[in-house]
Amino acid sequence: DKEPLFDAIDTIALALPAVSGLLRTVVFNVERMQQAADSPSAAATDLAELLVERGMPFREAHAVVGGIVRDSLERRVPLAELVAAHPELGEDGLALLEKGVAVTRRRTPGGAGPEPVAEQMKNFRTHLDVLGGRLPPEPA
């Protein structure tokens, strides 16, 4: 019963230097991340939620929004144009496509919205402080 434990320890011992190297050299392309977050397609879930709030079953709302997104991609028509023209989305749906709106609506703990991320960062800093006191100094 101990062999799987020892195997896991060996695997972690091999993986830690790789993760350490990754974290030392990682570079985030913040501009590209912002573009992705501001993409109208990032609001697909929000559009489906709007339809659900208006009484449409989720399965149907998912299919409607999926069809609109697919139509936008296949016909190369801006998503905003199709959303604005949709009788059940219109201006309210169009407002959900504005830059930054989709990500700010993410409020679930552990989610990608500003509030959950701030909470995750606070918890991460607390854990780092605790763990930092337990680590030996890095070799020179």
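Our subject in this report is the structure included herewith.

The rules behind these values
Residues numbered from 1 in each chain as written. Predicted model: local features only at pLDDT ≥ 70, side-chain atom pairs only at ≥ 80, totals over all residues. Heavy atoms only, no water. Helix = DSSP H or I, 4+ residues; strand = E, 2+ residues; numbered from the N terminus. Expected span 1.5 Å × (residues − 1). Buried < 20%, exposed > 50% of the residue type's maximum accessible area, 1.4 Å probe, protein only. Arc of directions from axis to C-beta. Contact = heavy atoms within 4.5 Å. Patch = residues over 30% accessible without salt bridge, like charges linked within 9 Å, V, L, I, M, F, W, Y side chains within 5 Å. Areas by Shrake-Rupley, 256 points an atom, 1.4 Å probe, with all protein chains shown as cover. Salt bridge = Lys/Arg side-chain N within 4 Å of Asp/Glu carboxyl O. Bend = angle between axes of the 7 residues up to and from the residue. Lys, Arg positive; Asp, Glu negative; His and termini not counted. Polar contact = N/O pair within 3.5 Å; in protein donor to acceptor, adjacent residues only side chain to side chain. Core = buried A, V, L, I, M, F, W, Y, C linked by side-chain atoms within 4.5 Å.

### Quick look at helix α4 (residues 58–75)
One full turn of an α-helix is made of 3.6 residues, so residues set three or four places apart face in the same direction.
So, step 1. Over its 18 residues, α4 extends 25 Å from the first C-alpha to the last, a length consistent with the 26 Å expected when each residue adds 1.5 Å.
So, step 2. Residues A61, V65, I68 and S72 constitute the buried set of α4. For α4, the buried positions fall inside an angular range of 55° around the axis, keeping them on one side. Opposite the buried face of α4, by more than 90 degrees, sit the exposed residues R59, H62, L73 and E74.
So, step 3. On its buried side, α4 packs onto α3 (44–53) and α5 (79–85).
So, step 4. The first or second residue beyond α4 is R76, which carries a positive phi of 55°.

### Here we look at a nonpolar patch on the surface
So, step 1. Nonpolar side chains collect at one region of the surface, where V19, L22, L23, V26, F28, V30 and M33 lie side by side and expose about 690 Å² of accessible area between them.
So, step 2. Looking at the nonpolar patch, the elements with two or more residues in it are α1 (3–25) and α2 (30–38).

### Quick notes on α1
So, step 1. If you check α1, its first and last C-alpha atoms are 34 Å apart, about what 23 residues at 1.5 Å a residue would give, namely 33 Å.
So, step 2. Its axis deflected by about 30° at A15, α1 carries its strongest bend there, up to four residues before the proline P17.

### Remarks on the side chain of D38
So, step 1. Structurally, the position occupied by D38 is in helix α2.
So, step 2. Within the buried set, D38 has no salt-bridge partner at all; the shortest N-O distance to an opposite charge, 5.3 Å, is to K99.
So, step 3. A polar side-chain atom of D38 sits 2.9 Å from the main-chain amide nitrogen of G100.
So, step 4. The residues touching D38, leaving out its near neighbours within four places in the chain, are K99 and G100.

### Things to note about the nonpolar core
So, step 1. One finds L47, L51, I68, V83, L89 and L97 to be the most contacted residues of the largest nonpolar core, which totals 17 residues.
So, step 2. Every element with two or more residues in this core is listed here: α3, α4 and α5.
So, step 3. Broken down by element, the residue count for this core peaks at four residues, all from α3.
So, step 4. Leaving out residues up to four positions away in the same chain, L47 has contacts with V65, V83, L89, G93, L96 and L97.

### Observations concerning the side chain of S72
So, step 1. Along the chain, S72 falls in helix α4.
So, step 2. Within the local environment of S72, its side chain forms a polar contact with the backbone nitrogen of L79, the two atoms lying 3.4 Å apart.
So, step 3. Those residues within four positions of S72 in sequence are excluded, and the remaining contacts are V77, P78, L79 and L82.

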